[in-house]
Amino acid sequence: MASSTPLMMRLLGSSIQIAHRAGKIIREIMCRGDLGIVEKGKDDLQTEADRSAQRCIVASLARIFPGVTIIGEEGPSDLNVPDDWLITEGNSEFLEKHKCPEPLVDLKESEVVIWVDPLDGTSEYTQGFLERVTVLIGIAVNDRAVGGVIHQPYYQTDSGDLGRTIWGLKGCGSGGMVSVQPPSDRFLITTTRSHSNTIVQSALDALVPDEILRVGGAGYKVLQLLEGKAHAYVFASNGCKKWDTCAPEAVLEANGGTLTDMLGRHYQYGENVSFANSSGVLGTVAGVSHEDILSRIPDTVKQAMDKP
């Protein structure tokens, strides 16, 4: 990548390639059969694929962008990785075809925080719901999510190959898929598969959806919005973290959608923020009024979610 290419474009171009390599590692470990599962907490698993994919991502990004802050779900990583895990080139198609948004042209590495979820949907991975697994790399500038990559290691392309990488950059657009509008005659919601409670259900009931899709993984839920399978992503709980939502927020909003907490506030993604998204998640596609959805959420839910 030419040094004259703006930093933001080099960051996103590199993240596209790195996420693809991490996806290959995830598939390789699944093929070996021993997932190396450990329990980090209740309903919180980690596998060798989580650990290895993060090492690939963090080592590659740190090698190219030493001044950028990188926060990964799996904590500090051993950056001594096999040579074929190190990705040093950006995606040429992205770099050749797209121009950096003017406000980001003079970006400095010290202004960037990258949030990494090396394997979003670990429970899905261990249970065989492989199409729901994603690799998430989110790029934040001045506390806001501005760019992101969502990679699906097990997405089967028309040519029979495995893997799809969707990217988004606010002010530039998105690539990797063509978004589809959800049906106009039905209202569809995607939400958690395994972290429900009475508050979560109260929010869903108040919106009176025609159908509720219960799946794992924040990345996969946002892809459901972009694929036209749901109008809104509703999760009135503190069950996800900044690395779950940074990349999906950037990709969704680059497509004209919106992602906030359950009170309509955007999360902050600076290096010193709390990892927990303690006020839930609400995502909506372009063409759906985010404010209308917010207005229909009961006050009891909002009060339960009204946390810093």
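Description of the structure in this document. (Residues numbered from 1 in each chain as written. Predicted model: local features only at pLDDT ≥ 70, side-chain atom pairs only at ≥ 80, totals over all residues. Heavy atoms only, no water.)

1. Quick notes on the overall build of the protein chain
Then, in step 1: Each helix and strand counted, the protein chain has nine helices and 13 strands in total.
Then, in step 2: Taking 308 residues into account, the globule formula puts the C-alpha radius of gyration at 19 Å, and the protein chain, at 18 Å, falls close to it.
Then, in step 3: Reported as C-alpha extents along the three principal axes, the dimensions of the protein chain are approximately 50 × 45 × 40 Å.
Then, in step 4: Per-residue burial over the protein chain gives 54% buried out of 308 residues.
Then, in step 5: Summarising the internal contacts of the protein chain: among those between residues at least 6 apart in sequence, 69% fall at separations of at least 24.
Then, in step 6: For the protein chain, the accessible surface area stands at approximately 12900 Å², while carbon and sulfur atoms represent 47% of it. (Helix = DSSP H or I, 4+ residues; strand = E, 2+ residues; numbered from the N terminus. Rg over C-alpha atoms; globule rule 2.2 N^0.38 Å. Buried < 20%, exposed > 50% of the residue type's maximum accessible area, 1.4 Å probe, protein only. Contact = heavy atoms within 4.5 Å. Areas by Shrake-Rupley, 256 points an atom, 1.4 Å probe, with all protein chains shown as cover.)

2. Structural notes on the sheet that holds strand β5 (residues 134–141)
Then, in step 1: Read across the sheet, six strands follow the order β3-β4-β5-β6-β7-β8 without closing on themselves; strand pairing throughout is mixed. Across the chains shown, the open sheet's two edge strands, defined by having one partner strand only, are β3 (69–72) and β8 (173–175). Strand-to-strand twist of the sheet, defined as the mean angle between neighbouring strand axes without regard to direction, takes the value 15°.
Then, in step 2: Set on the sheet, helix α2 (residues 48–64) makes contact with β3, β4 (112–120) and β5; between it and β4 the angle comes to about 155°. (Pairing = 2+ DSSP bridges. Axes fitted to C-alpha atoms, helices over the stretch in contact; angles between N-to-C directions.)

3. Considerations on the sheet that holds strand β9 (residues 188–191)
Then, in step 1: With mixed pairing, five strands are arranged side by side in an open sheet as β10-β9-β11-β13-β12. Two strands in the sheet have a free side with no partner beyond their single neighbour: β10 (211–214) and β12 (258–260). Neighbour to neighbour, the strand axes of the sheet diverge by 20° on average, direction disregarded.
Then, in step 2: Judged from the four bridges that link them, β9 and β10 form a sheet pairing that is parallel.

4. Describing helix α1 (residues 7–32)
Then, in step 1: Here α1 spans 37 Å end to end across 26 residues, near enough to the 38 Å set by a 1.5 Å rise per residue.
Then, in step 2: Most of α1 sits inside the fold, with 19 of its 26 residues counted as buried. (Expected span 1.5 Å × (residues − 1).)

5. Describing α2
Then, in step 1: Across its 17 residues, α2 extends 24 Å between first and last C-alpha, which sits within 8% of the 24 Å expected from 1.5 Å per residue.
Then, in step 2: Summarising burial for α2: 12 of the 17 residues are buried, a large majority.
Then, in step 3: Those residues of α2 lying buried are Ala49, Asp50, Ser52, Ala53, Gln54, Cys56, Ile57, Val58, Ala59, Ser60, Leu61 and Ile64.

6. Some thoughts on the side chain of Asp261
Then, in step 1: By the secondary structure assignment, Asp261 is in the loop between β12 and β13 (281–284).
Then, in step 2: Among the polar contacts made by the side chain of Asp261, one reaches the main-chain amide nitrogen of Leu263 at a distance of 2.9 Å.
Then, in step 3: Setting aside residues no more than four positions away along its own chain, Asp261 makes contact with Tyr267, Ser279, Gly280, Val281, Leu282 and Leu294. (Polar contact = N/O pair within 3.5 Å; in protein donor to acceptor, adjacent residues only side chain to side chain.)

7. Quick notes on the pairing of β13
Walk down a regular strand and you will see the side chains alternate between the two sheet faces.
Then, in step 1: A two-sided burial pattern is seen for β13, the buried positions comprising Val281 and Gly283 on one face and Leu282 and Thr284 on the other.
Then, in step 2: Relative to β13, strand β11 (residues 232–235) runs antiparallel, the two sharing four bridges. Of the residues in β13, the one forming a bridge with Val234 is Leu282.
Then, in step 3: Judged from the three bridges that link them, β12 and β13 form a sheet pairing that is antiparallel. In the strand pairing of β13, Leu259 is matched with Gly283.

8. Examining the pairing of strand β6 (residues 144–156)
Then, in step 1: By the criterion of burial, β6 is predominantly enclosed, with 10 of the 13 residues buried.
Then, in step 2: Where β5 and β6 come together, seven bridges link them in antiparallel fashion. Residue pairing across strands places Gly138 opposite Gly148, the latter belonging to β6.
Then, in step 3: Hairpin connection, β5 to β6: the antiparallel pair is bridged by two residues, and Asn142 has positive phi, about 50°.
Then, in step 4: Here seven bridges tie β6 to strand β7 (residues 162–169), and the two strands are oriented antiparallel to one another. Note on β7: the bridge partner recorded for Gln152 is Arg164.
Then, in step 5: What sits between β6 and β7 in their antiparallel hairpin is a turn of five residues, with Gly160 showing a positive phi close to 95°.

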